[in-house]
Each structure stands twice: as structure tokens, then as C-alpha cells.
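Working through the structure, step by step
If you want the building blocks of each chain, they are given just below.
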Amino acid sequence: MIFSFCLVLLCALTLIPLAQRHHNTTDPRSFFAAQGQLGTALFLVLSVGETYTIGSVMGLPGGVIAHGADIAVWLTGYILLAFPVGFVLYPKLHTLGQRYGAITLPDLFRAHFKSPALEKAVALLLTLLTLPLGTTQFLGLISTLKFLAPTLPNIVTGAFCAGLAFLFVAISGLRGAALISCLKDVLIILIVLAVSGAAFYHWADRPTLPLKTALDHLAAGSHQAHANTFILSTILIQAVAFCIVPHAASAAFSARSAAAIRRAQCWMPFYLLLFPLLFAIGGFGLTHDLGAYKADNIVLVVAQHFLPTWMTGLILAGIALTGLVWLGAVCLSIAAITARNVVPHLSNTAQKQVGRGVIALYLAISLASATLPGLLMTSLNVFFYMGLAQLIPGVLSIIFNWPFTSKTIATALFSGLLISISTYEYAGSLYGFHPATPGLIINGLILASSYTWQRFRKPSAAG
């Protein structure tokens, strides 16, 4: 098992030198955004990383065990809807990136609204929002490697993963992450097929209860009156927010052309063909006695019970590689935001040095927060989107050139953020709506009021 695990990681490391060949490694734009030269294939595997993170590969089956079928509906629904949304938004982001020389979302806010203050505010907000996602990946990575080395302390296991993630991106940048993603995608397809195949093969072996009964029991214990409201609002809000996560925007800026992005988006829905198999793995855990385990570990538990040892090693390596590649892409986007937007006017060399320092710091903070007890992957995912969604009106204002000032955008953004956090903290989910909904309503009302006031003043000024 250890041999097959190490073999996969060695293969991933050999891809790093390939990413540096024939490319300018001293240019920060090459390091952070591959100089805008990712073709259809590399853009596809890099941008789809948000679909198959540890949060989905391990979190979806684990969420089925913890919460039932609802999680599969909204998780699959918002990702599926995000593909046509991205088909429209990503090419527009790419075009704006070419016009302004942008490689981060804060770059766009500064260039469009002519406001360095708004640029820094958005940069700091994105940095804070991505911390829970780094925590999610480390939770999955530590759980994965515990199956390989159960006696190692969590902090040692996590430090090993942080070192690998740093190595994957600190040398070759975004292009290296994209190449390793190719290996990761092949492994993920094989992993899901192998583990779900084992589950289907052994399904008839002494199930404890039918799947429908198990799901009905979970549904009876939830707030079923508002379940459909939460599902629908989550799909609509997170489908758009999915397209503006920092590393997704970086992928759009790094693409070779808008046409390459559109071609890649046409293939994206095929990745969701594996989601029903992930649901089946969670269903197997609900209906069979596999001993005591954490819900998020069901993929690994099934593999350990029913697959050969060498194959389990490959599965552990593939899932670990999924988290490492995703961490690398996020680290690069946060490093670019810090080096370009939080502390701008750095030289090319200084940008890369600061970027590497930010990557190391981000990995250390994410690892430390992953050691806190009681964290669940799906809960961290909701918190991230609750904050990110408040950026949607601002991004749409840039894309469609709506007539708002930087002060109006900032007021709407942080008012919406404050309302969403306060409402969620003191009242939870209002009537089942996604936690971002109250903030988005306030956000939209502020922008609508500003637009109406501008329209009202123009005739008055003319008169």
C-alpha cells in the first residue's frame, strides 16, 4: 500500500520540471497565471478542480450519511448550473483580464472602479473567505493519510501534506498545478469507479436496512418544511458564486482565449457522471455495518474493506493528490492577490518571493485550523459561499458595466456581508433560505436605490 501511494506522488513530482520547460519562470504572470497560455485541455482540468476536491469526493458520500439525499441534490444542482453560467461569465472575465492586464478579481475592481481602496478591501475579504476551504482540504488529507499511517500525530501528517502542496506550486506555479491535475483527474475517475463497483458488488451482503428506509429516517429528523427552499436557493446562489471563486477567476484569466474556455465548458457536465456513484457509496455506508468511522471517511472505509491493499494505496494517493492540487491552485490565487493587490508596486522578483511566503503562511494557518474539533466539510463550504456570494453584484457590475461608484459597491458589499453573518449567527437559516440570501437582498436593494436615485437626479439636473 505504501509503495503504490509513493509511486503516485513520485509521478506527480516528475511533472513539475515539465511545467518549467520553454517558459519564463521569472515572470510573475507566468508563475501566477501561466502567462495566459492555458489551452482548452489544461483549462478544463484546472477549472474542474473545484468540482472534484476532497470536499466532494469525500464530503458528498459523508454528507449523504450525515444528512441524507438533500445534500446530493443541492451539491450536484449548483455545480451543474454553474457550467452554463461559466460558459457566459468566464469568457467575459477573460476579455476583461486581457483589457486590464488582470490576473485576480481585485485587479478588476481596481481597474474598473479606479479605486485602490476597494481593491484592497476585496483582496482581504477573499483571503479571509478562502481559509475555511484550506481547512476543508487538510481535514480530508489528514483523514486520508491516517489510513496509511494511523500512529502518526495529525500535525505531522498535515505538515507532510503542507510541504508537498508547497512543493507542487512554489517551483512551477499555475502551469505545474494544471499538469498535475491531469494525473489527478485520471486517478479520481478510477477511484470512484473502483470503490462504487465494490459497493455495488457487496450490496446484497447482509444490509442492515433498505436504502429508502435509511434516507427516510434522516429526512424525518431534518427541517423538511424548508428543505426545498434551501435546495433551490443554494443551487441558484452557489452556481454563480462557483464561477467567481479566486482560483476559478485565475483559471479564466490564464486561458489562451475565450474560445478555449467555451470549448472546455462544453465538457464540464461529463464530470458530474461520477456524482451518482459517490451518492451510491454514501448509500452503502448507510445500509451496511462497516464498524465505527467518521462519515467523511466512507470512501476509504469501503476501499479498505473490499479492495486489495495495493489498490487502496492508489486510492489514498489519488484522494491526497486531489487535495494537494486544489490547495496549490488556491494558494497561488491568494498569493497573487496579496503580492499584487494587498502590497502592490513590488518588483517581479519580490512578487514571487512574497507569493511564496503567503503560500507557506496560508498552508500553516489552514493546517492549524484543521486541528480544531467538530469541523464538518459541508458546514465550511456553506460559510465560504455565504461570504463570496456578496461579491456577485459587484462582479456583475464590472462585467455588464453597470453605472455604480466604488463607494456604492463597497457599501452594498459590506452591508450584505454584515447582514448575512449576523442573521446566520443569531437566527440560522431564515425559512430555509441559503444563509447568503438576506445579505444579497440588502446588497441588491442598496444598488437598486443608488441606480434609481441617479435616474431621478438626471432629469432634475436637466430641468
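Let me begin by describing the structure that accompanies this report.

Procedures and definitions
Residues numbered from 1 in each chain as written. Predicted model: local features only at pLDDT ≥ 70, side-chain atom pairs only at ≥ 80, totals over all residues. Heavy atoms only, no water. Helix = DSSP H or I, 4+ residues; strand = E, 2+ residues; numbered from the N terminus. Buried < 20%, exposed > 50% of the residue type's maximum accessible area, 1.4 Å probe, protein only. Contact = heavy atoms within 4.5 Å. Areas by Shrake-Rupley, 256 points an atom, 1.4 Å probe, with all protein chains shown as cover. Salt bridge = Lys/Arg side-chain N within 4 Å of Asp/Glu carboxyl O. Expected span 1.5 Å × (residues − 1). Patch = residues over 30% accessible without salt bridge, like charges linked within 9 Å, V, L, I, M, F, W, Y side chains within 5 Å. Axes fitted to C-alpha atoms, helices over the stretch in contact; angles between N-to-C directions. Parallel < 35°, antiparallel > 145°, perpendicular 65-115°, else oblique. Nonpolar A, V, L, I, M, F, W, Y, C, P; charged D, E, K, R; others polar.

A word on the overall build of the chain. Summing up its helical and strand segments, the chain has 22 helices and 0 strands in all. Counting every position in the chain, which comprises 463 residues, the buried fraction comes to 56%. Across the chain, the fraction of contacts at a sequence separation of at least 24, relative to all contacts at a separation of at least 6, is 86%. Accessible surface, the chain as shown: approximately 18700 Å² in total, 69% of it carbon and sulfur.

Considering all chains together, one arrives at 4 salt bridges under this definition. Of the charged contacts in the structure, one is a salt bridge between Lys212 and Asp216, with a shortest N-O distance of 2.9 Å. In this pair, Lys212 and Asp216 are both assigned in helix H11 (residues 211–220), 4 residues apart and thus about one turn of the helix distant. The class for Asp216 is partly exposed, based on a relative accessible area of 39%. A single salt-bridge network, built from bridges that share partners, covers Asp107, Arg110, Glu119 and Arg340.

This next bit is on helix H15 (residues 275–287). Since there are 3.6 residues in each turn of an α-helix, residues three or four apart along the chain are aligned in direction. Over its 13 residues, H15 runs 19 Å from end to end, which matches the ideal 18 Å to within 8%, given 1.5 Å per residue. In terms of burial, H15 is largely enclosed, as 11 of its 13 residues are buried.

This part covers the side chain of Thr338. Structurally, Thr338 is set in helix H17 (residues 309–342). Apart from the residues within four sequence positions on either side, Thr338 is in contact with Val343 and Val358.

Tracing the backbone shows Leu141 in helix H8 (residues 116–148). When the C-alpha positions of Leu141 and Ala317 are compared, they lie 9.8 Å apart, and in sequence the two are 176 residues distant. If we ignore the near neighbours within four places in the chain, the residues touching Leu141 are Ile54, Cys161, Ala320, Gly323, Leu324 and Leu327.

Turning to its location among the elements, Leu314 is positioned in helix H17. With 309 residues separating them in the primary sequence, Leu314 and Phe5 have C-alpha atoms 5.4 Å apart. Dropping the residues within four chain positions of it, Leu314 is found in contact with Ser4, Val8 and Ile191.

With that out of the way, let us pick up a nonpolar patch on the surface. A cluster of nonpolar residues, Leu81, Leu232 and Leu236, forms a patch on the protein surface that exposes about 260 Å² of accessible area. As for its position among the elements, Leu236 is in helix H12 (residues 227–241). Overall, Leu236 belongs to the partly exposed group, its relative accessible area being 48%.

Between helix H7 (residues 105–113) and H17, the least distance of the axes is 9 Å, while the angle of their chain directions is 25°. Compared by their axis directions, H7 and H17 come out roughly parallel. Across from Pro106, Asp107 and Arg110 in H7, the residues of H17 making contact are Ile337, Arg340 and Asn341. The residue makeup of the contact of H7 with H17, split by class, is 2 nonpolar, 1 polar and 3 charged.

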